[in-house]
Amino acid sequence: GGNTSTWRDFKTFEDHLYAVCDNCSEGLHIFDLSALPSGSVSHVTTTTSFFDEAHNIFIDEDSERLYAAGGNGAIEGLTVLDISTPGSPTFLADIEFDDELGTPSENFYVHDVFVQGDTAYCSHGYTGFYVWDMINLSNITLLGSYDSPAYNHSSWIDATGQYSYYAEEVPTGQEMAVVDLTNLGSTVLDITVIHTWKDPISTSDDDVTPHNPFVINDTLYVSYYEDGIKVYDLINPESPT
């Protein structure tokens, strides 16, 4: 139930599923999946205590935190919830990254986020790709940034944490990128793009729009507007094939 929305996102933690939507006023939906596969899904609650809308969410299972991006809780950052009790989240913080850097004139809206080991890899749209230390929510630290050429839409990190793969959505014809994170936290060359590629099905080089990358083990999955889903081998993580 709820509003009709173009954008919804779903993530799971243990036996619960969390759902948000953009351009809506539903907040956070929580579903109990524990009866599956033989039983049915039950709706636990809908709450607007933390935000009314969010573009998407990410769950860091190790820290038992939910991060909501692109929402009205933290307009230029992330809303962070404690989900250690999966059916009853509690509020931890609204992080506004422009305030963290003392640059209110810059737009740090987070379109999508990947979190691993309390490190948030944020796609800030036209502002670029930024990496933040989120261990202490009262003392956020910028670990690195890269002003990517177009609209930084989303990213995913490999199992080692040494490489990120990001997609830029706007305008069409953008390349996928491999980012070297080995110098993350350094004052010089903290983030380096080491490889880019695009391989459109179309004969037009610009008729391709990478949207969302996901990494599982040594495999990269990328969803595209025009080209469906493509699967890449990451045996050499610096050059997907």
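Residues numbered from 1 in each chain as written. Predicted model: local features only at pLDDT ≥ 70, side-chain atom pairs only at ≥ 80, totals over all residues. Heavy atoms only, no water.

Caption draft 1: Examining the packing of aromatic side chains more closely. For the coordinates displayed, the defined rule picks out twelve aromatic pairs. Taken together, a centroid distance of 5.6 Å and an interplanar angle of 65° make the contact between Phe58 and Trp156 edge-to-face. Of the two residues, Phe58 sits in strand β5 (residues 56–60) while Trp156 sits in strand β13 (residues 152–157), which places them 98 residues apart along the sequence. Take Phe58: its relative accessible area is 7%, and that puts it in the buried class. A relative accessible area of 17% places Trp156 in the buried class. (Phe/Tyr/Trp six-rings, centres within 6.5 Å; stacked < 30°, edge-to-face > 60°. Helix = DSSP H or I, 4+ residues; strand = E, 2+ residues; numbered from the N terminus. Buried < 20%, exposed > 50% of the residue type's maximum accessible area, 1.4 Å probe, protein only.)

Caption draft 2: Structural detail: the nonpolar core. Formed by 43 residues in total, the largest nonpolar core has its most connected members in Leu78, Phe97, Val113 and Met134. Residues within four places of Leu78 in sequence aside, it is in contact with Tyr67, Ala68, Ala69, Ala93, Asp94, Ile95, Phe97, Val110, Val113, Ala120, Cys122 and Met134. One finds Val20, Leu28, Ile30 and Phe51 within the second-largest nonpolar core, a separate group that totals 14 residues. (Core = buried A, V, L, I, M, F, W, Y, C linked by side-chain atoms within 4.5 Å. Contact = heavy atoms within 4.5 Å.)

Caption draft 3: View of the sheet that holds β13. Taken together, the four strands give an open sheet; going across it, the order is β13-β14-β15-β16, and neighbouring strands pair in antiparallel fashion. Looking at the sheet topology across the chains shown, the edges are occupied by β13 and β16 (192–197). Adjacent strand axes in the sheet meet at a mean angle of 25°, parallel and antiparallel pairs treated alike. Here strand β14 (residues 163–168) pairs with strand β15 (residues 176–180) via four bridges, running antiparallel. Residue pairing in the sheet places Ser164 in a bridge with Val179 of β15. (Pairing = 2+ DSSP bridges. Axes fitted to C-alpha atoms, helices over the stretch in contact; angles between N-to-C directions.)

Caption draft 4: Spotlight on the sheet that holds β5. The antiparallel open sheet is built from four strands, whose spatial order is β5-β6-β7-β8. Of all strands in the sheet, those with a lone pairing partner are β5 and β8 (90–96), marking the two edges. Adjacent strand axes in the sheet meet at a mean angle of 20°, parallel and antiparallel pairs treated alike. Sheet topology note: the strand β6 (residues 65–69)/strand β7 (residues 77–82) ladder contains five bridges and is antiparallel. Bridge pairing in β7 places Arg65 opposite Asp82.

Everything listed is a geometric property; what it means functionally is a separate question.
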